[in-house]
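# Structural overview for review
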Amino acid sequence: MDLSVFSSMESEVRSYIRSFPTVFDTARGSILTDEDGRDYIDFFCGAGTLNYGHNNPLIKAPVVEYLMGDKIQHALDMATGAKRHFLEVFRDVILAPRGLEYKLQFPGPTGANAVEAAMKLARIKTGRSTIVAFTHGYHGLSLGALAATANSWFRDGAGVGLNDVVFHPFDGYYGPDIDTVAMLRKLVEDPSSGLDLPAAVIVETVQGEGGVNVARPEWLRALRALCDDHGIVLIVDDIQIGIGRSGDFFSFEQSGIVPDVVTLSKSLSGYGFPMSLVLIKPEFDVWKPAMHTGTFRGNSIAFVGAAAAIENYWADASFPASIAHRGDLVASRLAAIADRHAGAFTTRGRGLLQGLAGNDLGLAGRISKESFARGLIVETSGAHDEVLKVMPTLVGDDETLLKGLDIIDEATDAAIAAA
Ligand code: PMP
């Protein structure tokens, strides 16, 4: 496959093309096909953007109808029928049944745009500047969001000081016996700890980029209580683990907490169209008109896709159980691989975000490479890219899922044999 135009013209910043060096052409469900007609099973899903699969026909049909009808596509944030329908569906199918009351803010279309808006809002609301983020957290790469992103690989690219965010150990950072929320409470409550009272805490309930680190429900509940006790805004960044990847629509449902602010993006539009959303408890919605604006906040086909995804999947009460079934297939297979190669791996994850963490830091990268050679796309994550991050589609047949897991199994043998 000739990739020379990409390497000669595109900046050195290009990334995934290096791990998956082919020219992709078509895609359907869990399968991508390259220009040579070679199929690849997708266990990456655009880092959680294609939870409903590629070109899902249930979402495509209304999108195509919308486009063919010359319905309005770009409207800044003026009122459109597409946005009205999305708002109503989101209220009726997602918020109301869960007893959630949020105002919706549509920032620019990327995840980082949502994080920027959430952090800004928390600072405006509290009049304070410090935000607590967690070790191994990832919230995007624009400067405000980057300040809350832990990995020095990204931070080193900032070129300016990344201020007003302090990092605190995530759940399990010092092992299972150390309660890092209790540590944070002590710092917040000690007037001589040196920690200024934070405006907000921003947290992923499962850290996707950071290595599939899972926060325990009781840890999240303790964090909620700490924020309540001190008027700290709790922001849950559900950009990667939200929209069903944890098994529920929101990843925090399992813990029973209700964040003050939630960021969503990636799979929200259902089709890979750029879209993001900030959910804000009404009493935290202190924005003044046009105080945070942007050109691309009304991507109509994204609204159409998002409404169709919610209506087709989340209106069906059995959807979470089918995600759980697929998640169990993945988790049990990864556990079997770890058992077979005793001492080489640990496993962790929730729902359909599962990780196989290699003790040899280069192993996950080699498995990803061997998997690609065998027709599977699967990425790595973690501080040293030491975790194979397995994130298949939420929908689809078991057969393809099992075939992808077989490939991981074979690729693991090959990667270990080659070491
Ligand atoms: N937050 C989380 C949890 C993410 O996983 C990501 C993307 N990987 C972002 C924020 C940033 O999203 P985007 O790349 O669309 O800016």
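Just so you know, these numbers come straight off a predicted model, no measurement behind them.

### Notes on the domain arrangement of the chain
Parsing the chain into structural domains produces domain 1 (4–56 + 318–418) and domain 2 (60–314). Here the C-alpha centre of domain 2 lies 25 Å away from the C-alpha centre of domain 1. Of the residues lining the interface, 31 residues belong to domain 1; the matching set on domain 2 comes to 31 residues. Both faces combined, the contact of domain 1 with domain 2 buries some 2,700 Å², and carbon together with sulfur accounts for 50% of it. Looking at the side of domain 1 facing domain 2, the largest losses of area belong to Tyr52, Arg350 and Leu353, adding up to 31% of the total buried there. Taken together, the links from domain 1 to domain 2 amount to one salt bridge.

### A short note on the nonpolar core
In this structure, Phe86, Phe90, Phe250, Leu264 and Trp314 are the most contacted members of the largest nonpolar core, which totals 82 residues. Ranked by residues supplied to this core, first place goes to helix H11 (residues 300–314) with eleven residues. Each of domain 1 (4–56 + 318–418) and domain 2 (60–314) contributes no fewer than three residues to this core. In this structure phenylalanine 86 touches Leu104, Phe106, Leu268, Met275, Leu277, Phe303, Ala306, Ala307 and Ile310, once residues within four positions along its chain are discounted.

### Brief notes about the environment of serine 300
Of note, serine 300 is situated in helix H11. In this structure serine 300 comes out as buried when scored by relative accessible area, which is 1%. Linking serine 300 and phenylalanine 86, residues 214 residues apart in sequence, is a C-alpha distance of 9.6 Å. Setting aside residues no more than four positions away along its own chain, serine 300 makes contact with Tyr66, Ile72, Gln73 and Ala82.

### Thoughts on the packing of aromatic side chains
Counting across every chain of the model gives 22 aromatic pairs. A centroid spacing of 5.1 Å and a plane angle of 80° characterise the contact between tyrosine 173 and tyrosine 174, whose relative ring orientation is edge-to-face. On the basis of relative accessibility, which here comes to 41%, the residue tyrosine 173 falls in the partly exposed class. Taken together, the ring pairs connect Tyr52, Phe86, Phe90, Phe106, Phe249, Phe250, Phe252, Phe303, Tyr313, Trp314 and Phe319 into an aromatic cluster. For the cation-ring pair, lysine 125 lies above phenylalanine 284, with the distance from its terminal atom to the ring centre recorded as 5.2 Å.

### Brief notes about the sheet that holds strand S1 (residues 24–28)
Here four strands make up an open sheet; going across it, the order is S1-S2-S3-S15 and the pairing mixed. Each end of this open sheet is capped by a strand with a single partner; those strands are S1 and strand S15 (376–377). Relative to S15, strand S3 (residues 39–42) is paired through two bridges, and the arrangement is parallel. The partner of aspartate 42 across the bridge, within S15, is isoleucine 377. Seen against the sheet, helix H14 (residues 398–418) touches strand S2 (31–34), S3 and S15 and runs at an angle of roughly 95° to S3.

Conventions adopted
Residues numbered from 1 in each chain as written. Predicted model: local features only at pLDDT ≥ 70, side-chain atom pairs only at ≥ 80, totals over all residues. Heavy atoms only, no water. Domains from an automatic or database assignment. Contact = heavy atoms within 4.5 Å. Buried area = accessible area lost by both parts, 1.4 Å probe. Salt bridge = Lys/Arg side-chain N within 4 Å of Asp/Glu carboxyl O. Core = buried A, V, L, I, M, F, W, Y, C linked by side-chain atoms within 4.5 Å. Buried < 20%, exposed > 50% of the residue type's maximum accessible area, 1.4 Å probe, protein only. Helix = DSSP H or I, 4+ residues; strand = E, 2+ residues; numbered from the N terminus. Phe/Tyr/Trp six-rings, centres within 6.5 Å; stacked < 30°, edge-to-face > 60°. Lys NZ or Arg CZ within 6 Å of the ring centre and 35° of its normal. Pairing = 2+ DSSP bridges. Axes fitted to C-alpha atoms, helices over the stretch in contact; angles between N-to-C directions.

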